[in-house]
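Below, each chain spelled out in residue letters.
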Amino acid sequence: MNPENEWVERARDLAKRFAPRAQAHDREGSFPFENFAELREAGFYGLTVPRAFGGAEAGLGTYLAVLEELARADGSTALAFMMHLKTFGQEREAPSYPPAWFERLCRGAVERGELVNTVATEEGLGSPSGGGVPDTFAVREGDGWVLRGRKTFTTLAPVLHAFIVLARLEGEIGPGGRPMVGNFLVFRGEEGLRVEETWDSLGMRATGSHDVVLDGVRLPADRLLNAREAGSPDPRAGAGMAWFALGLCAVTIGVASAARDYAVAFARERVPNSQRPIREFPGVRTRVARIELLLQRSRALTRDACGAWERRETAGMPPIDRVAAAKVETLNACIEAVDLAMRVVGGVSLQRSRPLERYWRDVRAPLHNPPLEDRALEQLARRALDDAFEAPKGAE
Ligand SMILES: Cc1cc2nc3c(=O)[nH]c(=O)nc-3n(C[C@H](O)[C@H](O)[C@H](O)COP(=O)(O)OP(=O)(O)OC[C@H]3O[C@@H](n4cnc5c(N)ncnc54)[C@H](O)[C@@H]3O)c2cc1C
């Protein structure tokens with residue numbers, strides 16, 4: 001078997017173990033520590049890490065296929081794990097961190113089971129992809145930095161080892177007259193860093209996306225991984241968007257596929273008292289067919305964007321626009337597919353003892369991850385109407 005496909009098979013096996021745990025974690029909003037222990041044990045922490053540092057250096061397509069398998073079982077585990085995996089994919093393609101720190105993150109993942117994620121969003125800032133200025137400050141002190149602020153939506157917070165924190169560099173103004181911002185590497189256990197367990201959301205409840213407080217965290221100078229003027233393009237340019245946005249597509253396709261499978265199995269079995277099997281009703285048949293169309297469209301668009309990105313396609317719609325198109329279309333199609341699955345199953349789809357209502361909540365969460373729909377549409381409109389393109393301002 002192609003070694004890349006082996007990863008997908010292994011993800012499918014793990015997913016069988018994750019599926020029965022998903023309901024309880026969703027109900028309690030608890031973090032699936034055991035899923036992550038098993039992902040680590042099976043070698044997945046290094047899936048996207050370069051071979052030079054002991055990883056599997058899986059391509060974008062394998063990464064997406066693995067996420068889809070995991071999301072069929074548990075959307076939260078897939079989304080949370082995506083945040084770790086995408087870090088290496090993005091940096092492989094568009095290096096922005098000092099090489100020694102990147103190697104340290106890579107070896108940490110492979111050899112010590114250390115997880116990494118970006119800690120960018122804040123209550124006041126909203127999505128950093130808008131190019132706003134964070135309220136988290138980094139102040140120069142002696143030879144290093146001191147960080148103060150509060151971050152929201154820090155996925156994987158219960159298990160993160162490396163927090164890549166976006167902060168404003170106090171007193172530093174860029175050539176365009178806007179404040180400078182930078183990404184700092186902070187390790188779990190460093191004085192002044194704490195996680196506050198605030199995550200209690202409608203969907204993706206088991207992602208542990210809590211607040212992180214930086215209360216005077218002192219860092220040596222070399223922990224500043226990169227810096228740029230607020231509002232200027234992210235140095236990872238499109239690579240950040242491709243690995244992030246297509247990862248979200250894979251996760252939503254996985255969740256919607258699980259809803260499709262449940263609804264189809266239900267429709268095949270269900271025979272209300274003294275009636276015909278519900279699969280014979282035209283409304284049920286049309287809805288199931290429509291779910292098939294929506295999933296097929298989502299897969300096709302995501303594969304097209306992935307292939308175009310990997311081949312650096314020059315004909316037709318530019319790869320980065322295909323990524324934006326796939327994100328908008330896939331998310332909306334998958335939300336509609338899960339809604340239709342609920343209608344096929346009928347009233348019992350609302351019961352919390354069944355997984356459909358969880359799929360319905362989980363499938364909409366990635367709407368609120370970048371690229372946000374309005375920005376993705378503006379990207380397409382700008383290219384069509386103004387012959388212009390503006391590189392993404394940030395991945396989270
Ligand atoms: C499950 C989940 C996990 C997450 N994990 C992480 C993580 O690990 N790390 C992290 O840093 N963040 C994370 N986030 C945060 C996420 O990336 C966003 O920053 C967050 O959801 C805020 O986005 P927002 O759309 O509400 O922001 P806002 O910028 O406040 O936007 C609010 C609304 O205004 C619209 N809007 C704002 N600006 C513009 C504009 N210029 N043009 C057009 N429309 C605009 C938006 O589309 C949206 O409708 C996560 C979010 C979720 C839901």
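In this text, all values refer to a predicted model and were calculated from it rather than measured experimentally.

Turning to the domain arrangement of the protein chain, a few remarks are in order. Domain annotation of the protein chain identifies domain 1 (3–114), domain 2 (118–229) and domain 3 (237–386). A C-alpha centroid distance of 23 Å is found between domain 1 and domain 2. Taken residue by residue, the interface counts 24 residues in domain 1 and 19 residues in domain 2. The three residues of domain 1 that bury the most area against domain 2 are Phe31, Ser76 and Trp101, which together make up 29% of that side's buried surface. In this assembly, domain 1 and domain 2 are joined by 0 salt bridges. Connecting domain 1 to domain 2 are 6 residue pairs in polar contact (both at pLDDT 80 or more).

We now examine unusual backbone geometry. Cis geometry marks the peptide bond from Pro370 to Pro371; its omega dihedral reads -5°. Looking at the element boundaries, Pro371 is found in the loop between α9 (356–362) and α10 (373–386). If you check the backbone angles, Phe153 has positive phi at about 55° while not being a glycine. For Phe153, the position within the fold is in strand β3 (residues 144–154).

Core analysis: the largest hydrophobic core is formed by 96 residues, its most contacted members being Phe36, Leu39, Phe44, Phe81, Leu147, Val186 and Leu246. If you tally residues by element for this core, the top one is helix α6 (residues 237–269), at 19 residues. Beyond its immediate sequence surroundings of up to four residues, Phe81 is in contact with Phe36, Leu39, Phe44, Tyr45, Leu70 and Leu115. Membership of the second largest hydrophobic core comes to 15 residues, among which are Phe53, Phe102, Ala162 and Phe187.

As a further point, take the packing of helix α4 (residues 75–93) against helix α5 (residues 99–112). In the contact formed by α4 and α5, the axes pass within 11 Å of each other and the chain directions differ by 140°. Taken together, the axis directions place α4 and α5 in an arrangement best described as oblique. The handedness of the crossing between α4 and α5 is left-handed. The segment α4 lies against α5, with His84, Phe88, Glu91 and Arg92 engaging Phe102, Leu105, Cys106 and Ala109. For the contact of α4 with α5, the per-class residue count stands at 5 nonpolar, 1 polar and 2 charged.

Burial of strand β7 (residues 210–220) is extensive: 8 of the 11 residues sit out of reach of the surface. Pairing geometry for β3 and β7, over 9 bridges, is antiparallel. Residue pairing in the sheet places Thr154 in a bridge with His210 of β7. Pairing of strand β6 (residues 193–196) with β7, which is carried by 4 bridges, proceeds in the antiparallel orientation. In the sheet register, Val195 faces β7, and the bridge partner there is Val212.

With that settled, the discussion passes to α5. Given a rise of 1.5 Å per residue, 14 residues ought to cover 20 Å, and the 19 Å separating the end C-alpha atoms of α5 matches this to within 8%. For α5, the elements touching its buried residues are α4, β1 (115–119), β4 (160–173), β5 (179–187) and β8 (224–229). Phi for Gly113, located one or two positions after α5, is positive at around 65°.

Next up on the list: the site of the ligand. Taken together, 19 residues sit near the ligand, with Asn117, Thr121, Phe153, Thr155 and Arg375 positioned nearest. In this structure, an oxygen atom belonging to the ligand sits 2.9 Å away from a main-chain N or O atom of Ala120. At 3.2 Å, a backbone N or O of Phe153 approaches a nitrogen atom of the ligand. Listed by contribution, the elements that provide at least two residues to the shell around the ligand are α4, β1 and α10.

Attention now goes to the environment of Pro366. Here Pro366 shows up in the loop between α9 and α10. Here the alpha-carbon distance between Pro366 and Val49, two residues 317 residues apart in the chain, equals 24 Å. Dropping the residues within four chain positions of it, Pro366 is found in contact with Met204, Leu248, Thr252, Lys327 and Leu331.

For helix α3 (residues 60–73), with 14 residues, the first-to-last C-alpha span of 21 Å sits near the 20 Å given by 1.5 Å per residue. Of all the 14 residues making up α3, 11 are buried; the element is thus mostly covered by neighbouring parts of the structure. Residues of α3 that are buried: Leu60, Thr62, Tyr63, Leu64, Val66, Leu67, Glu68, Glu69, Leu70, Ala71 and Ala73.

The rules we used
- Position numbers for residues count from 1 along each chain, tracking the sequence in the order it is written.
- Given that the model is predicted, a residue must reach a pLDDT of at least 70 before its local features are reported, and side-chain atom pairs must reach 80 or more before they are shown or counted; all residues, however, enter totals for whole chains, interfaces and linings.
- Processing note: side-chain calculations cover all non-hydrogen atoms of the structure and skip hydrogens and water entirely.
- Note that the domain bounds were set by an automatic or database domain assignment.
- In what follows, a contact means two residues having at least one pair of non-hydrogen atoms within 4.5 Å.
- By definition, the buried area sums, over both parts, the 1.4 Å-probe accessible area that each loses when the two are put together.
- Whenever a carboxyl oxygen of Asp or Glu lies within 4 Å of a side-chain nitrogen of Lys or Arg, that contact is scored as a salt bridge.
- Polar contact is defined as a pair of N or O atoms within 3.5 Å, subject to the rule that within protein one atom must be able to donate a hydrogen and the other to accept it, and that residues adjacent in sequence are counted only when both atoms are side-chain atoms.
- Think of it this way: any DSSP run of H or I at least four residues long counts as a helix, any run of E at least two long counts as a strand, and we number them from the N terminus.
- In this text, buried Ala, Val, Leu, Ile, Met, Phe, Trp, Tyr and Cys residues form a nonpolar core when linked through side-chain atoms within 4.5 Å.
- In this scheme, a residue with accessible area under 20% of its type's maximum is buried, one over 50% is exposed, and one in between is partly exposed, where area comes from a 1.4 Å probe on protein chains only.
- Orientation is described by axes fitted as lines to C-alpha atoms, over the contacting stretch for helices, and by angles from 0 to 180 degrees between their N-to-C directions.
- Any angle that falls under 35 degrees is termed roughly parallel, while one over 145 is termed roughly antiparallel, one within 65 to 115 roughly perpendicular, and all others oblique.
- Here a crossing is called left-handed whenever its near helix is offset anticlockwise from the far helix by less than a right angle, and right-handed whenever the offset is clockwise.
- Residues are grouped as follows: Ala, Val, Leu, Ile, Met, Phe, Trp, Tyr, Cys and Pro are nonpolar; Asp, Glu, Lys and Arg are charged; every other residue, Gly included, is polar.
- Two strands pair if DSSP finds at least two bridges between them.
- Expected helix span is given by 1.5 Å per residue-to-residue step, counting one fewer step than there are residues.
- Nearness of a residue to a molecule or strand requires only that one of the residue's heavy atoms be within 4 Å of it.

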